[in-house]
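The residues making up each chain are set out below.
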Amino acid sequence: MAMLPEHLLLGGIVLLIVMAVLGRGARSALWVALGAVVASCTAAFWLSNAQFAAEPFAGQFSVTPAVLMAKGALLALAVPVLLMSRTEFSDGEFSILLLSSLYGLCLLPSSDSFLVMFLGLEMLAMPVYALVLLAFRRPQSAESAFKYLVLSGAASATFLMGVSLLYGATGSMSVSAFGPALAAGDIMTRTAVVLVLLALFLKAAVVPFHAWAPDTYEGASIPVTAYMATLTKGAVLLAAVRLFSGVNASRPVVDLLMVLPLLSIVWGNLAAIKQQSFRRMIAYSSIAHAGYLFYAFLGDSAGRMQSVLFYVIAYSVTNLLAFAVMPQNDTDDQRDSLDALKGLYHRNPFAAAMIAIAMLSLAGLPPFPGFAAKFLIFKNVVAAGYTTYAVLGLVGSYLGIYFYLRVIQLLFMTASETTPGEKEAGGAARVAGVLCLVGTLVLAVLPGWVLGGM
Amino acid sequence: MSEFTMGPTLLNLVLWLPMVGVALVLLAARANDGLARAISVATMGVQFAVAAMLYLQFDATAPGLQFATQLPWIAQWGVSYLIGLDGFNILLVLLTAFLGPIVVLGAWTSIKKDVPLFHGMVLLLQFAMMGAFVAQDLFLFYLFWEAMLIPMFLIIGMWGGARRVYATLKFVLYTAFGSILMLAAVIYLVHTMQQSSGVLSFAFDDLYRAQLPLSVQTILLGAFALSFAIKVPMVPLHTWLPDAHVEAPTAGSVILAGVLLKMGTYGFMKLGFPLFPDAARAFTPILMTLAVISIVYGACLALVQTDIKKIIAYSSISHLGYVMLGLLSLELVGIQGAIIQMVSHGLVAAGLFLLVGMIYDRCHTRELAAYGGLARLLPVYSVFFMIFTLASVGLPTTSGFTGEFLALMGAFTAAWPAHLDGSNYPLVLAVVAVTGVVLGAMYMLRFALTFLFGEVKAPHHSPEHPLLDLSWREKSILGLLAVAVFALGLFPNGALQKTELAAKTYQSLVTTSRVPVGSPVSQAGVTP
């Protein structure tokens, strides 16, 4: 019962594998996967609504209504990703891999021990290596997948090293040992804490551990990039929330939590200005957003889950919106180039408007949900007394406005260039776009209602 | 009290009508462009009618908000949907609604491409501006304040002149920088108020009661003032304005000069000074100096421009300096003068930009030197031009006179006691500000002289294809504006009555100290 969302995902995976083995229903694989994700997501929301809390594996895995809500929200975000994949991936492989990754994602916010958390992180990342490679029509994909594999492996190793040191210092594998360890003074515990944090930074692409993200995002196909930029990042952040639960940031960790995210915001926003490829730009934007997300950890622990989750949802919904309506193109160079967006408004006003809304929301301009999410995070940071850092972070976010506006400028204010082979996004992807638009509007108009549900 | 129970509904209607218009324009986007224009002007017309009805029903003697609506919105953060009319915003709401149809009619033939999108954006901008004026909740105000950027960004960037992209990016990046610091200040202000008094609210009325030490007030006012001063704009933060004005299409310039610039002064009047009264009084000399510099420097720059749009752009900087001067005088007459001057500038600048746009549509150049003797070619045009020029100069019987005169009188009234106490600085400032009136006459009359009189020359004019004088559409919008200019100049009493209570409220808010009792002045500031 407590693992109902996970079980439903597992059922979907098994069904998909059986279908693949029997060699039938390649076309219906997507719908089976979609059914599994929707069922799992509904289950999570339903359990959360019923205030369900349980600990099926004591000390390893537990659920609370808030955790179930987070799972449900992330699973709901997987729906547009699946829909988007329809144009590029017609066989079942994509669905199997994505569902496996989602399974890992579901483990993270529930994990009570470092072992389960490690399991979750690996299950989250492993299928993504393969997913990046799935678009093997282009040579960069291999490079991307390899980079991701190596860097993610390094992150896992760092994480394990930190965990073993922590185990050595405290004799416990429970994640609740992490909180007290933050304040500990001895060199071993401190090293352990720093290593674990660095592993999370690496996974979430925080400066200076960010260099893999642009290359990987660029090489992957659109749905996979969208998945990496939104859901995997969100899952890592939820794991971090789990680690920090019940603890307010205090010295000396605060410095690490303040400086690197701030650098991330500034550098991500500055580097994005120069990018010529849409996906590289989104990668740098996601580096900046990782910075805002880690800012949430300066805030008090009570509101942290809410602010991180709200931010992840708002950020992901708008990012997915942009990816879903992105016009398709036969050649990769053209598809990826920002120039392909030139004058899109004149060719496809709907797509241009959606991308513009997404960019404005990512830039954090009201009334779009990105603003409310940013407001919540910085409100908590100010409430925790770190006003100066909040101001610095906000000024850093100002640096980002330029490149988001540049996209709008390309969409609306440049002459249209007819690019050969450009097609509108596929039907399923457009459905995904409409779903994301609805989500964006709900978040923009009724943020109070959404927050009340968290 | 009036038995006017429909009021709140009507005010919501005034606010949301443009959004209805946006929806209709989107639906009609596939049909012909004429439909989009018609929907747009109809929506704006109804909006003005409703706003005028509210203006007439507005009770000048009742304190507090009228026609208010309050609904909880984001309860967790203390944010509510709170809108209402008071003496602060009643005239500006009316001005915004009045300029709406004029903007649309003014752009009737000059906007030829992407017409539905253009009208969608104008309506969206109208919605955001109206929202910023009627919002009585700081969060809501900030949303509308920022939401104004996006449609304006597109209006300048898509339908503007040659350097439109540069101008529009400059406009947005300038304004957004002010806003981001204001956001930090908003968060800090609300948080501090919640900690000290336990009230979690963004409502202006609650925030007016927040007690803050002077050091905190200073920093917060600095953040708010930066944002507002960019919008006004006050020298030295004005450099975005000439670019934006010159590159914007006529409709964009009219909205920018007519309403958007008033956001800045309205922000000072409604938020900046009353929220942080002690810091405001401490900063009065600096801000007043900047206001006077804006008046004189803006006028001097206007004097040497060769681009006709730039002359009016710089004159805006000068004229809004009077508004700041009046607000800072803290004298009842000065404050009321400031409010009148805001409306007056909205009308006059709108008229002048429309006139410049009309001649640009005919001759396709903005070079002053290319024109001459238009009075003989375009007599009707020239009459209107003269009316608005004289209103801009501040000729008695026009609205420009009422505003400038009252604002300057406020400055002198405030300066005299200070002079008797031995402080001459305010008096010197007031005297320097008066020279702005003379400079104003100089640049506007120089403009009119070369433009309307002398040797007849105009590009694209030839005996076979003479320039066409104003059409009925153009005559009627200019006529409406001219009527409003004279109405405000000859009968300012109605408007003054409606705003008197607000001016008194402002005066008492800013002159009452709100430093917490017993707190050391040098209490730790914003840094943790």
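Sequence order as written defines the numbering, with residues in each chain counted from 1. Each chain takes a letter, starting from A, and each ligand takes a number, starting from 1, following the order in which they are written. It should be noted that, the model being predicted, local features are given only for residues of pLDDT at least 70 and side-chain atom pairs only at 80 or more, the latter also being counted only at that level, while totals for whole chains, interfaces and linings use all residues.

The next subject is the overall build of chain A. Summing up its helical and strand segments, chain A has 20 helices and four strands in all. In terms of overall size, chain A behaves like a compact globule, its C-alpha atoms giving a radius of gyration of 21 Å where 454 residues would be expected to give roughly 22 Å. Overall, chain A is about 65 × 55 × 40 Å in size when its C-alpha atoms are taken along their principal axes. Counts of 20 or more other C-beta atoms within 10 Å of a residue's own C-beta define buried residues, counts of 12 or fewer define exposed ones, and intermediate counts define partly exposed ones; C-beta atoms are placed from the backbone. Sorting the 454 residues of chain A into buried and exposed places 61% on the buried side. To qualify as a helix, a DSSP run of H or I must reach at least 4 residues; to qualify as a strand, a run of E must reach at least 2; elements of each kind are numbered from the N terminus. The reference for a compact globule is 2.2 Å times residues^0.38; the radius of gyration itself is calculated from the C-alpha atoms.

So, on to the overall build of chain B. A tally of helices and strands in chain B yields 20 helices and two strands. For chain B, the C-alpha radius of gyration of 22 Å lies close to 24 Å, the compact-globule estimate for 528 residues. For chain B, the residues scored as buried account for 61% of the 528 residues in total. With C-beta atoms placed from the backbone, a contact is any residue pair whose C-beta atoms sit within 7 Å. In chain B, the proportion of contacts linking residues at least 24 apart, taken out of those at least 6 apart, comes to 81%.

A few words now on the interface of chain A and chain B. When the parts of a complex come together, some accessible area is lost, and that lost area is often used as the size of the interface. Counting from both sides, the interface comprises 28 residues of chain A and, opposite them, 29 residues of chain B. Elements with a minimum of two residues in the side of chain A that touches chain B: α17 (369–383), α18 (387–413) and α20 (447–452) of chain A.

This paragraph deals with the confidence of the model for chain A. Low-confidence regions, as indicated by low pLDDT, have predicted coordinates that should not be scrutinised in detail. Overall, the prediction assigns chain A a mean pLDDT of 88, with 96% of residues at 70 or greater. When the elements of chain A are averaged for pLDDT, helix α14 (residues 332–336) of chain A gives the smallest value, 64, and helix α13 (residues 304–325) of chain A the largest, 93. The pLDDT value expresses, per residue, how confident the predictor is, ranging between 0 and 100.

So, about α18(A). The terminal C-alpha atoms of α18(A), which comprises 27 residues, lie 38 Å apart, in line with the 39 Å expected from a rise of 1.5 Å per residue. When you tally the buried positions in α18(A), you get 21 out of 27 residues, the bulk of the element. The span expected for a helix works out to 1.5 Å for each residue beyond the first.

Right, let's get into the nonpolar core. Think of a nonpolar core as buried Ala, Val, Leu, Ile, Met, Phe, Trp, Tyr and Cys residues, each tied to the set through C-beta atoms within 7 Å. Counting 415 residues, the largest nonpolar core has L98(A), Y311(A), L321(A), I355(A), L411(A) and M148(B) as the members making the most contacts within it. In contact with M148(B), other than residues within four places in its own chain, are L125(B), A128(B), M129(B), A132(B) and L260(B).

A few words now on the packing of helix α3 (residues 90–106) of chain B against helix α14 (residues 332–363) of chain B. All names here are of chain B. Here an angle of 0 to 180 degrees is reported between the N-to-C directions of two axes, which are lines fitted to C-alpha atoms, with helices fitted over the stretch in contact. The geometry of α3 relative to α14 is characterised by a closest axis approach of 10 Å and an angle of 5 degrees between their N-to-C directions. It follows that α3 is roughly parallel to α14 by the angle criterion. Counting all contacts with α3, which are made through L91, L92, L95, L99, I102 and G106, the residues of α14 involved are I339, M342, V343, G346, A350, L354 and G357. Class assignment for the residues of the contact of α3 with α14 results in 10 nonpolar, three polar and no charged. Angles are sorted into four bins: roughly parallel if under 35 degrees, roughly antiparallel if over 145, roughly perpendicular if 65 to 115, and oblique for all others. The classification used treats Ala, Val, Leu, Ile, Met, Phe, Trp, Tyr, Cys and Pro as nonpolar, Asp, Glu, Lys and Arg as charged, and all other residues, Gly among them, as polar.

So, on to unusual backbone geometry. Of the consecutive residues V207(A) and P208(A), the connecting peptide bond is found in the cis state with omega at 5 degrees. Tracing the backbone through its elements, the reader meets P208(A) in the loop between α8 (187–204) and α9 (212–219). The backbone of H364(B) shows a phi angle near 60 degrees, a positive value even though the residue is not glycine. A positive phi angle, close to 80 degrees, is found at T397(B), a residue other than glycine. Mapped onto the elements, T397(B) comes out in the loop between α16 (379–393) and α17 (399–420). Given 13 C-beta atoms within 10 Å, T397(B) falls into the partly exposed group.

All names here are of chain A. When DSSP finds two or more bridges between two strands, those strands count as paired. The pairing of strand β1 (residues 54–57) with strand β2 (residues 61–63) spans two bridges and is antiparallel. Across the sheet, F57 pairs through a bridge with F61, a residue of β2. The antiparallel pairing of β1 with β2 creates a hairpin that spans three residues between the two strands, and G59 there sits at a positive phi of about 80 degrees.

This next bit is on the confidence of the model for chain B. Summing up the model confidence of chain B, the mean pLDDT is 89 and the portion of residues at 70 or higher is 97%. Both scores are available for the predicted complex, with the pTM at 0.93 and the ipTM at 0.92.

Attention now moves to the environment of M126(A). Residues and elements named next belong to chain A. Turning to its location among the elements, M126 is positioned in helix α5 (residues 114–134). According to the C-beta neighbour criterion, M126 is partly exposed, with 17 such atoms within 10 Å. Considered as a pair, M126 and T191 are 65 residues apart in the sequence and their alpha carbons are 27 Å apart.

As a further point, take the pairing of strand β2 (residues 79–85) of chain B. Burial analysis of β2(B) places six of its seven residues in the buried class, which makes it a mostly covered element. Linking strand β1 (residues 66–74) of chain B to β2(B), which pair antiparallel, is a turn of four residues; within it G78(B) sits at a positive phi near 75 degrees.

It is worth spelling out helix α7 (residues 164–197) of chain B at this point. The end-to-end C-alpha distance of α7(B) is 48 Å, a good match for the 50 Å that 34 residues give at a rise of 1.5 Å each. Phi for G198(B), located one or two positions after α7(B), is positive at around 80 degrees.

Residue and element names in this part refer to chain B. Relative to the helices and strands, Q341 resides in helix α14. Distance from Q341 to V356, taken between C-alpha atoms, is 22 Å for residues 15 residues apart in sequence. Among residues more than four places away in sequence, those in contact with Q341 are H319, Y322, V323, G326, G403, E404 and A407.

Turning our eyes to something else, we now look at the environment of M6(B). Mapped onto the fold, M6(B) is located in the segment before α1 (7–27). As for M6(B) and L54(B), which are separated by 48 residues in sequence, their C-alpha atoms are 9.8 Å apart.

What follows covers the packing of helix α11 (residues 253–273) of chain A against helix α12 (residues 278–295) of chain A. Residues and elements named next belong to chain A. Where α11 meets α12, the axes come as close as 7 Å, and the angle between the chain directions of the two elements is 155 degrees. It follows that α11 is roughly antiparallel to α12 by the angle criterion. Along this stretch, α11 crosses α12, giving a crossing that reads as left-handed. Residues L257, P261, L262, S264, I265, G268, N269, A271 and A272 of α11 touch α12, and the partners they reach there are M281, Y284, S285, I287, A288, A290, G291, Y292, F294 and Y295. Its residues placed into classes, the contact of α11 with α12 shows 14 nonpolar, five polar and no charged. Here a crossing is called left-handed whenever its near helix is offset anticlockwise from the far helix by less than a right angle, and right-handed whenever the offset is clockwise.

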